[in-house]
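Results of the structural survey
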Amino acid sequence: MRLADHYIAAGGTLSDDPSDHLYWRVLDALAFAPDAEKVAEPWRELGRKDLTSAVLEQRLEDYLQALLSQYG
């Protein structure tokens with residue numbers, strides 16, 4: 001959720017329309033929905049065994065809920 005803040009701090013600009021933020025961030029998040037496991041593989045290889053399917057699914061759901069709360 002803080003990526004946009006860092007982007008702006010580095011000189012980037014974003015749309016003022018909350019629906020733009022919601023659309024693009026939900027679209028990006030849903031790209032991981034069918035297989036959230038693909039994000040965890042490199043981390044697991046480095047020893048992060050705690051990144052189970054259930055944890056990844058919950059994090060994705062939490063992120064989507066945060067998006068809807070902030071921009072919906």
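Heads up: these notes are all about the structure in this document. Just so we're clear, the structure is a prediction, and the values are computed from it rather than from any experiment. (Residues numbered from 1 in each chain as written. Predicted model: local features only at pLDDT ≥ 70, side-chain atom pairs only at ≥ 80, totals over all residues. Heavy atoms only, no water.)

**Points about the overall build of the protein chain**
Selection criterion: Secondary structure elements follow DSSP: runs of H or I no shorter than four residues count as helices, runs of E no shorter than two count as strands, and numbering proceeds from the N terminus. The reference for a compact globule is 2.2 Å times residues^0.38; the radius of gyration itself is calculated from the C-alpha atoms. What sets the accessible areas is the Shrake-Rupley method with a 1.4 Å probe; for residues, cover comes only from the shown protein chains. Note that His is not counted, nor are the chain ends; the positive residues are Lys and Arg, and the negative ones are Asp and Glu. Charged groups are reduced to one reference atom each: NZ for lysine, CZ for arginine, CG for aspartic acid, CD for glutamic acid.
For the protein chain, the count of helices and strands is 4 helices and 0 strands. Helices and strands in the protein chain line up, N terminus first, as α-α-α-α. Scaling as 2.2 N^0.38, a compact globule of 72 residues should have a C-alpha radius of gyration of about 11 Å, whereas the protein chain reaches 14 Å, well beyond that. Counting every atom, the protein chain has about 5,500 Å² of accessible surface; 59% of that belongs to carbon and sulfur. Averaging the coordinates of the 7 positive side-chain charges in the protein chain and doing the same for the 13 negative ones gives two points 8 Å apart.

**A few points about the packing of aromatic side chains**
Using the following cut-off: Geometry of aromatic contacts follows a simple scheme: Phe, Tyr and Trp rings, the Trp one being its six-membered ring, pair when their centres are within 6.5 Å, and the pair is stacked under 30 degrees between planes, edge-to-face over 60, tilted otherwise. Summary of the burial criterion: residues with accessible area below 20% of their type's maximum are buried, those above 50% are exposed, and those between are partly exposed, where the area comes from a 1.4 Å probe applied to protein chains only.
Per the counting criterion, the structure on display carries 1 aromatic pair. Relative to Trp24, the ring of Tyr23 lies with its centre 4.8 Å away and its plane at 85°, an arrangement referred to as edge-to-face. We classify Tyr23 as partly exposed; its relative accessible area is 48%.

**Things to note about the pattern of salt bridges**
For the record, the criterion: Salt bridges are counted wherever a side-chain nitrogen of Lys or Arg sits within 4 Å of a carboxyl oxygen of Asp or Glu.
Going through the model one piece at a time under the given rule, you end up with 3 salt bridges. A salt bridge links Glu37 to Arg44, with the nearest nitrogen and oxygen atoms 2.6 Å apart. Assessed through its relative accessible area of 16%, Arg44 is described here as buried. In this structure, Arg44 engages Glu41 in a salt bridge whose closest nitrogen and oxygen atoms are separated by 3.1 Å. Residue Arg44 and its partner Glu41 are both found in helix α3 (residues 37-45); the two are separated by 3 residues, about one turn of the helix. By relative accessible area, which is 38% here, Glu41 ends up partly exposed.

**Some remarks on a nonpolar patch on the surface**
Test applied: The residues that make up patches have over 30% relative accessible area and no salt bridge, and they are joined within 9 Å when like-charged or within 5 Å when they are Val, Leu, Ile, Met, Phe, Trp or Tyr.
Nonpolar side chains collect at one region of the surface, where Tyr7, Ile8 and Leu14 lie side by side and expose about 270 Å² of accessible area between them. Tracing the sequence through the fold places Leu14 in the loop between α1 (3-9) and α2 (18-30). Its relative accessible area of 34% is what places Leu14 among the partly exposed residues.

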